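One letter stands for each residue in the lines below.
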Amino acid sequence: SQLAEENSWALSVHEGESVTVNCSYKTSITALQWYRQKSGKGPAQLILIRSNEREKRNGRLRATLDTSSQSSSLSITATRCEDTAVYFCATDASGSWQLIFGSGTQLTVMP
Amino acid sequence: NAGVIQTPRHKVTGKGQEATLWCEPISGHSAVFWYRQTIVQGLEFLTYFRNQAPIDDSGMPKERFSAQMPNQSHSTLKIQSTQPQDSAVYLCASSLDQGASAETLYFGSGTRLTVL
């Protein structure tokens, strides 16, 4: 079973709408990271949120972390077609350097 | 900065042949990681080097797979006697590895290996 897992296989929205991808994880963590992978490319980090942080923003992206429920969310506002990608959450268990990825959520933004 | 460079982008081998995949990490990064990505298994960790030294290869299949980092500018992943189940995208990533508890990984675009 995965250390971290996104809660949806796929989401689709229309351009301009907002969308949220959720992630749950199974152990105490040092930080949680959100990555995005576009077709034919490797994953690229969007946000790293540490265990002592509750919210982090990066432009149109906002990540939250709730250590009590062991969950995180990534919200994207004013979505664009170029936001179409697979979104992964990834965690490293406390004391471990290993970064373990969830299965990913395919987000499709339609014109 | 060109980012992490992986070559070749695509490789097709016949069953039983050897495949060598190359990775050039970002200059100045001291940690290099290899992952394998398939539809079924997702992103799987294979192995990790720090300052060229192998630190953890717990994700590597014990037979046929080996990884090396002969210098700070490149790492190789070698698969001997390739099998159809080895077909996947192999991703290399590097990080600064400053000793922080969480690091950003910078991935290359991957090598798509197809074993016929």
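As shown above, the structure is provided for reference.
Residues numbered from 1 in each chain as written. Chains lettered and ligands numbered in written order. Predicted model: local features only at pLDDT ≥ 70, side-chain atom pairs only at ≥ 80, totals over all residues. Heavy atoms only, no water.

Q: What is the right way to read the pairing of strand 7 (residues 65-71) of chain B from this model?
A: Residues and elements named next belong to chain B. Inspection of the sheet shows strand 7 paired to strand 8 (residues 74-79) by five bridges, in the antiparallel sense. Paired with S66 across the bridge in strand 8 is K78. Here strand 7 hands over to strand 8 after two residues, the two strands then running antiparallel side by side. (Pairing = 2+ DSSP bridges. Helix = DSSP H or I, 4+ residues; strand = E, 2+ residues; numbered from the N terminus.)

Q: Can you help me understand unusual backbone geometry in this one?
A: Leave glycine aside and you will find that most residues have negative phi; peptide bonds, for their part, are mostly trans. With an omega dihedral of -10°, the bond running from T7 of chain B to P8 of chain B counts as a cis peptide bond. Take P8 of chain B: it is sitting in the loop between strand 1 (5-7) and strand 2 (10-13). The backbone of A78 of chain A shows a phi angle near 50°, a positive value even though the residue is not glycine. Along the chain, A78 of chain A falls in the loop between strand 8 (71-76) and strand 9 (85-93).

Q: Honestly, the sheet that holds strand 3 (residues 19-24) of chain B in this entry has me stumped. Any pointers?
A: Pairing between the strands of a sheet comes from backbone hydrogen bonds, and it takes one of two forms, parallel or antiparallel. All names here are of chain B. The four strands are arranged 1-3-8-7 in an open sheet whose pairing can be described as antiparallel. Lying at the two open borders of the sheet, with one neighbouring strand each, are strand 1 and strand 7. Here the average twist between neighbouring strands, direction ignored, is 20°. (Axes fitted to C-alpha atoms, helices over the stretch in contact; angles between N-to-C directions.)

Q: Hey, could you run me through the interface of chain B and chain A in this one?
A: Accessible area lost during the coming together of the parts is what is often quoted as the interface size. In this complex, chain B contributes 19 residues to the contact, which on the side of chain A involves 19 residues. Interface area for chain B against chain A, summed over the two sides, is near 1,500 Å², with a carbon-plus-sulfur share of 53%. There are zero salt bridges connecting chain B and chain A. Secondary-structure elements contributing two or more residues to the side of chain B that touches chain A are strand 4 (31-38) and strand 5 (42-50) of chain B. When grouped by side-chain class, the residues that make up the side of chain B that touches chain A number nine nonpolar, seven polar and three charged. (Contact = heavy atoms within 4.5 Å. Buried area = accessible area lost by both parts, 1.4 Å probe. Salt bridge = Lys/Arg side-chain N within 4 Å of Asp/Glu carboxyl O. Nonpolar A, V, L, I, M, F, W, Y, C, P; charged D, E, K, R; others polar.)

Q: Any chance you could explain the packing of aromatic side chains here in plain terms?
A: The description of an aromatic ring pair rests on the distance of the ring centres and on the angle between the ring planes. All names here are of chain B. Counted by the stated rule, this structure contains nine aromatic pairs over all chains. Judged by centre distance (5.9 Å) and plane angle (75°), the rings of Y35 and F45 are edge-to-face. Taken together, the positions of Y35 in strand 4 and F45 in strand 5 put the pair ten residues apart, joining distant regions of the chain. The class for Y35 is buried, based on a relative accessible area of 1%. Overall, F45 belongs to the buried group, its relative accessible area being 9%. (Phe/Tyr/Trp six-rings, centres within 6.5 Å; stacked < 30°, edge-to-face > 60°. Buried < 20%, exposed > 50% of the residue type's maximum accessible area, 1.4 Å probe, protein only.)

Q: Any chance you could explain the pattern of salt bridges here in plain terms?
A: If charged atoms from side chains of opposite charge come close, those side chains can pair. What the rule picks out here adds up to seven salt bridges over all chains. The shortest N-O distance in the salt bridge between D83 of chain A and R60 of chain A comes to 2.9 Å. With D83 of chain A in the loop between strand 8 and strand 9 and R60 of chain A in the loop between strand 6 (55-58) and strand 7 (61-66), this pair connects stretches of sequence that are 23 residues apart. According to the relative accessible area criterion, D83 of chain A is buried, its value standing at 2%. Residue R36 of chain B is joined to E44 of chain B by a salt bridge in which the shortest nitrogen-to-oxygen separation is 3.3 Å. For R36 of chain B, a relative accessible area of 13% puts it in the buried group. It is possible to trace a salt-bridge network through shared partners that takes in R36, R60 and D83 of chain A.

Q: How should the side chain of D83 of chain A be read in this particular structure?
A: At 3.4 Å, the side chain of D83 of chain A forms a polar contact with the side chain of R36 of chain A. With near-sequence residues (within four places) excluded, D83 of chain A lies in contact with R36, R60, I76, L107 and V109 of chain A. (Polar contact = N/O pair within 3.5 Å; in protein donor to acceptor, adjacent residues only side chain to side chain.)

Q: When you look at the sheet that holds strand 6 of chain A in this model, what are you seeing that I'm missing?
A: Residue and element names in this part refer to chain A. One open sheet accounts for five strands, arranged 1-3-8-7-6; its pairing is antiparallel. The sheet is open, and its two borders are formed by strand 1 (4-6) and strand 6, each paired with just one other strand. Direction aside, neighbouring strands of the sheet carry axes that sit 20° apart on average. When strand 7 meets strand 8, the two strands line up antiparallel, connected through six bridges. Pairing of L61 across the sheet is with I76, part of strand 8.

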